[in-house]
Amino acid sequence: MPGEGAAVTVPRMAYDAAQERLVLVTGCQALTPSTLDYSCQSLPENEVWSWTSLDGWVELTLSDWEFDGNPSPRWHFGMTYDPVRRGVVLAGGCGATCL
């Protein structure tokens, strides 16, 4: 569950109203816990977690709707709930390059 591993910097969180859960996407692994300065000083992480009051924290697998491997690890991305798709969407950000 989040908090058991290394500290991360620039994560994002959104509320999924259709599933009634919080969704957390990690950003980058912080080199030290004091490195929370909104920059990515290591490779981006690729962890997704959900939280509900019933289940607590559960690690999720990202949906790969383009069948190109999966959403690449990234940081400085945007994330929000889309009521039309009835799910959380993630867009943009930086990985090997900034999108």
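Just so we're clear, the structure is a prediction, and the values are computed from it rather than from any experiment.

About the cut-offs
Residues numbered from 1 in each chain as written. Predicted model: local features only at pLDDT ≥ 70, side-chain atom pairs only at ≥ 80, totals over all residues. Heavy atoms only, no water. Salt bridge = Lys/Arg side-chain N within 4 Å of Asp/Glu carboxyl O. Buried < 20%, exposed > 50% of the residue type's maximum accessible area, 1.4 Å probe, protein only.

*Asks:* Mind showing me how you'd approach the pattern of salt bridges here?
*Replies:* Pairing is possible between side chains that carry opposite charge, provided their charged atoms lie close to one another. Within the structure shown, the criterion is met by 2 salt bridges. Ionic pairing is found between Asp 16 and Arg 21, a salt bridge with its closest N-O pair at 3.5 Å. A relative accessible area of 3% places Asp 16 in the buried class. Taking the shortest distance from any N to any O, the salt bridge between Asp 82 and Arg 85 comes out at 2.7 Å. On the basis of relative accessible area, Arg 85 is assigned to the exposed category, the value being 64%.

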